[in-house]
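This is what each chain is made of:
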Amino acid sequence: MMENTVISVRNLTNRFGKTTVHQNLDLDVRRGEVLGVVGASGSGKSVLLRSIVGLQRPSAGTITVLGTEVLTDPPTEADSTVGKPDAVQNKWGVMFQDGALFSSLTVRENVEAPMREKLALDAQTRSALADLRIAMVGLPATAGDLFPSELSGGMRKRAGLARALALDPQILFLDEPTAGLDPISASEFDNLILSLQKALGLTVFLVTHDLDTLHATCDRIAVLAQKKVLVTGTMDEMMEVDDPWVRSYFHGPRAHAAQLQGAA
């Protein structure tokens, strides 16, 4: 793995029964970049994310994150990584669609959850760190005492992002972060991601279908098609790709509107 590559996926295959979603997929993610992952519905964008973070066991292939092979046999409970801050799992954070918050916990308790599991911290320190993360994502201090059901959709996403940042990760995985948001809220969330990425030096793996998000935040784009990563490159490079789906996606009416919005 090259020195500036923090995620390396090689020959990844994911099968569900008789359906093959990925076949010999290769992908590299560079340190400090925002990589947007796009593809048609069913192309396996979220499956790829889940494979990298260990929630989906691939049929074949290797995945290396920050120099650690993550597809080796998982540790037994006795060998748990709890309390070991150098464990690779502690170096990434994941924000799932709609935040995926624990409904029975307050926002602060949700943000504290990864700390409680992974770090040996006293309750006061956990609470203070959680409040810091809540402030970092632009939520008011009063949001910490609220339950997810009391939040708007945009606030739930910000709370999910705060939880993803709980362990001060090097890599941030985002699964459709702006899905379901109105255009103004989506634009604000794009700006938040970009500002946090720059301020914290994050590497961001971003699954999205939102062309505005691609224009606003991504350094490179990876297109999933034909069960593999068909092409990677900058937005300008995507415009030159001679593939029917890629041309339709990046040259269609929505793409034109996104380009105009980005130039505004």
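Residue indices begin from 1 for each chain and proceed along its sequence in written order. Reporting in this predicted model follows two pLDDT cut-offs: at least 70 for local features of residues, and 80 or more for side-chain atom pairs to be given and counted; totals over whole chains, interfaces and linings ignore these cut-offs and use all residues. Hydrogen atoms and water are omitted, and side-chain values are computed over all heavy atoms in the structure.

J.: Mind showing me how you'd approach the pattern of salt bridges here?
T.: Opposite charge on two side chains permits them to pair, given that their charged atoms come into close proximity. Salt bridge, as used here, is a side-chain nitrogen of Lys or Arg placed within 4 Å of a carboxyl oxygen of Asp or Glu. Applying the stated rule across the entire model yields six salt bridges. Where Asp 28 meets Arg 10, a salt bridge forms, and the shortest distance between an N and an O atom there is 2.8 Å. Within this pair, whereas Asp 28 is found in strand E2 (residues 19–30), its partner Arg 10 is found in strand E1 (residues 5–16), the two being separated by 18 residues in sequence. Accessibility expressed as a relative area gives 27% for Asp 28, which makes it partly exposed. For Glu 112, the salt bridge is made with Arg 116, and the minimal N-O distance between the two is 3.5 Å. Here Glu 112 pairs with Arg 116, and both are found in helix H2 (residues 107–118), just four residues apart, close to one helical turn. With a 1.4 Å probe rolled over the protein chains alone, any residue whose accessible area is under 20% of its type maximum counts as buried; one over 50% counts as exposed, and the rest are partly exposed. Look at Glu 112 and you get buried, because its relative accessible area is 7%. Among the residues examined, Arg 116 registers a relative accessible area of 51% and is labelled exposed. Secondary structure elements are defined from DSSP: runs of H or I of at least 4 residues count as helices, runs of E of at least 2 residues count as strands, and each element is numbered from the N terminus.

J.: Explain the packing of H2 against helix H4 (residues 153–164) here, please?
T.: Relative placement of two packed helices is described by the angle separating their axes and the distance separating the axes. Where H2 contacts H4, the two axes come as close as 8 Å, and the packing angle between them is 30°. The angle between H2 and H4 falls in the class roughly parallel. Remark: the crossing between H2 and H4 carries right-handed chirality. Facing H2, whose interface residues are Val 107, Asn 110, Val 111 and Pro 114, H4 presents Ala 159, Ala 162 and Arg 163. A class-by-class count of the residues in the contact of H2 with H4 yields five nonpolar, one polar and one charged. Here an axis means a line fitted to C-alpha atoms, over the contact stretch when the element is a helix, while the angle between two N-to-C directions is reported on a 0 to 180 degree scale. Roughly parallel refers to an angle under 35 degrees, roughly antiparallel to one over 145, roughly perpendicular to one between 65 and 115, and oblique to any angle outside these ranges. Crossings are sorted by hand: turned counterclockwise from the far helix by less than a right angle, the near helix makes the crossing left-handed, and turned clockwise it makes it right-handed. Only heavy atoms matter for contacts: two residues are in contact if any of them lie within 4.5 Å across the pair. Three categories are distinguished: nonpolar for Ala, Val, Leu, Ile, Met, Phe, Trp, Tyr, Cys and Pro, charged for Asp, Glu, Lys and Arg, and polar for the others, with Gly belonging to the last.

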